[in-house]
Structure formats: C-alpha cells, structure tokens
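A look at the structure
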Amino acid sequence: MQDHRRLTRMPAQISQHDNEANGPFFLGVDVGGTNIKIGLIDDQGRTLAFESIITNDGNGANAAIERAGNSCRELAKRAGIGWRLVPRVGLGTPGPLSREQGKLLNPSNLPGWHYFPVQAALEKAVGKPVSYVNDANAAALGECWIGAGAGQSSLAFVTLGTGVGGGFISEGRLINGVNSFGSEIGHIVVDSREDARLCVWGGGRGQLEAYASASAVAAQANLGVRSGVESSLCKVASKLNEEADGDQLTAKHVHEAALEGDSFALELIDEAAFYLGIGVTCAVHVIDPGLVLLGGAMNFGGASCVVGQRFLRRIVSEFKERTFANVFEGTHIDFARLGSDAGYIGAAAMARQDYYQNIA
C-alpha cells in the first residue's frame, strides 16, 4: 500500500534529547482540503515533531482520521514522548461546522466529509479527549500564543486564501459563536448593491470574500483579460489557455505582474486592500482588539516585498479614513508570523487551554 505521509522537520524543532522540552505535550491536527498537518507541541508552544499527510487517499474521511491518529502516536514516539504525557489533542477543520455536535457541516473544500462526526472519530483514533475548533480560529489562537500576537489578550486574525476566514480573540476568549460561526469576517457585507458580487463559497451577495480573497482577485483578473484590458496578464492568460481550457489566471500571477509594475495588477491588489480596509474597520468597531493580523497564502509577499508593503499600507489607509482617531492610534495592523503552521499550533493551543481549564 502506498505511503502518503510526508515528514517535515520544523526549523524550530527541538531534539528528543533536548531537556528544555517541557510537558505536558499536546498534538494539533489541522485538516485542509489537500493535506492534514499534525504537530507535537510542548507546553511552551515549541514544535517537537511535525508530519503532513494527504487528506483524501480515496478511502474516505474515517480512514483519513485513522491515519491522522496513527501519525499522532508515531510523532510522540519519534520525539521520545510517552503517550501518557499527551493529555489532549486539538483539531481544526474548515467551516461551516458544529462544535457542539463535533462534526463538519458542508465545507466546500471537503465534499466527501459532509456531516462527518470528525471530533468523535479522532477521539476514537487517539484514545484521548479532542478539542474542536474552526481552522481560522485555530490559526488565531496560534498567533496569539507564540506568533505575532504573543503577549496580547485580544486580536482579530484575517486569513486570506481561496476564501477569507477569520478568528477573533477578545480578552483571552475565542469568539466561536452560538452557531459555530463566530469570527467569520469573510461573510460580512461590504457591498450592498443589488448587483454586488457573489461570495466565492456560500453565494452570499456583497460579502468580503467576493472582493478580497485569492479567488476574487483571480476572477477579476480573468474578467479584465477577457474584456481586453491592457496588461501583461493577457500574454500569461493566452499561454495558459493554450495548455488548458477556461480561466487560468491566479492571484499569484497577479502578484508576479504587480512586481513588474503592471498597472492593472496593482489596481486589482489595491481593490482587494480597499475592501479589506472596510472589513478590518468593521471588525475593530465590534471587538476593539488593538491588533489585526493578516495571514493566509494571499499576502502578496508580505512585509518583505514591496507589493506586500503596498497592500498593507492601503489597508491601513482605508482603516484610518473610516475609524476614530484614538481607535486608529490604538490599533496595529500587520502580517501574521506563523504562516501555514498557525493552524496545527493553534489547534494544540486549544487543547492546552481546555486541559488547564479542566484541571483548574
């Protein structure tokens, strides 16, 4: 049988012989549409071991969770950590979901997992209690624990990828919501016109995700090319369309064109920043976190790139125009630090939080 696992040693990994690793230890499982990321974390938030396995190998959701459970045990063994020293496991999945019922509802990027009781399945696989949370909320917890929000009691985390997700923490408490839909900033309405764009996943009209996600940027790029806009993206699209039918431009192509000074690409990025500025303002006016972090794959190079710096400046500028002077002065907006590791680290953080609350 083919082994779909891929082991990755983290840059900050601690050797199993390093006496500085402090227990208790927690495992974080971050389920994505393509991969499941699993990390063994010590009580200080340091990754001792990490593994990524393919999500769908053709055997279904239950088999995938069983493989994830096996990986959890193997990571502990590889790091020299006794299984009894791992009191709890954290699990993050895409939404929509029901934390109360411990199951996924109908996430668009996991079509074979609809209404799957994922929490109970993982508890059975690992033989330990499992803390369950939305993946973006988990990422927010990760950033608040050891990332760009370390030391802060409140933050708003916005994840920019195929869609727009969010995780809000207020005074140390994660905002999950009654319907497990708390912090879903991607679905706030930023355009109330009758002909506003449709949301990438849910179909809601005028929602932030329809304007500030990687899918939205790509859609506008392809629309512009089809309408004959002057841009280097036209040549890129033409070449791509020779290889496959349909729209092929992505947000990455837009970023690459923007790096070369393409005015249309820069307009697309500025437009996404404009709507994100509106979304950030709404979030700040609701929870006043003092810190807003931008995570996910669509950061246009982040702080180390001129395009990423421009993207951030436009968001901050829009926020300044729409908020109060004292709120602007007391709010910092920046890029997140943990990248794609935030999900499994945050899932472990959720397990850690629940563990200490239960023994208090």
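For the structure itself, consult the block above.
Thresholds, definitions, all that
Residues numbered from 1 in each chain as written. Predicted model: local features only at pLDDT ≥ 70, side-chain atom pairs only at ≥ 80, totals over all residues. Heavy atoms only, no water. Helix = DSSP H or I, 4+ residues; strand = E, 2+ residues; numbered from the N terminus. Contact = heavy atoms within 4.5 Å. Areas by Shrake-Rupley, 256 points an atom, 1.4 Å probe, with all protein chains shown as cover. Lys, Arg positive; Asp, Glu negative; His and termini not counted. Charge placed at Lys NZ, Arg CZ, Asp CG, Glu CD. Core = buried A, V, L, I, M, F, W, Y, C linked by side-chain atoms within 4.5 Å. Buried < 20%, exposed > 50% of the residue type's maximum accessible area, 1.4 Å probe, protein only.

1. Quick word on the overall build of the protein chain
Assigned secondary structure in the protein chain consists of 11 helices and 13 strands. With respect to the three principal axes, the spread of C-alpha positions in the protein chain is 60 × 55 × 40 Å. Of all intrachain contacts in the protein chain linking residues separated by at least 6 positions in sequence, the fraction that spans at least 24 positions is 63%. Total accessible area computed for the protein chain in this model is approximately 16400 Å², and 47% of it derives from carbon and sulfur atoms. Positive and negative side-chain charges in the protein chain, numbering 30 and 38 respectively, have mean positions lying 6 Å apart.

2. Quick notes on the nonpolar core
Membership of the largest hydrophobic core comes to 52 residues, with the highest contact counts inside it found for Val158, Leu208, Leu233, Val254, Leu276, Met298 and Phe311. Counting residues per element, this core draws most heavily on helix α8 (residues 263-287), at 14 residues. Residues in contact with valine 158, not counting those within four places in the same chain, are Val164, Gly165, Gly166, Ile185, Leu276, Val292, Leu293, Leu294 and Gly295. Of all hydrophobic cores here, the second largest spans 34 residues; its members include Ala64, Val118, Val130 and Tyr132.

3. Quick look at unusual backbone geometry
Of note, the bond from glycine 23 into proline 24 is cis; its omega dihedral lies within 30 degrees of zero at 5°. Here proline 24 shows up in the loop between β1 (5-7) and β2 (26-31). Here the amide bond leading from glycine 95 into proline 96 is cis, since omega sits at 0°, within 30 degrees of zero. When you line up the elements, proline 96 lands in the loop between β5 (88-93) and β6 (97-98). Its identity as a non-glycine residue notwithstanding, tyrosine 115 has a phi of 60°, on the positive side. Structurally, tyrosine 115 can be placed in the loop between β7 (103-104) and α2 (118-126). One non-glycine residue with positive phi stands out, namely glutamate 171, at about 50°. Position of glutamate 171 among the secondary structure elements: in the loop between β10 (164-170) and β11 (173-174).

Remember, this is a structural readout, not a statement about activity or role.
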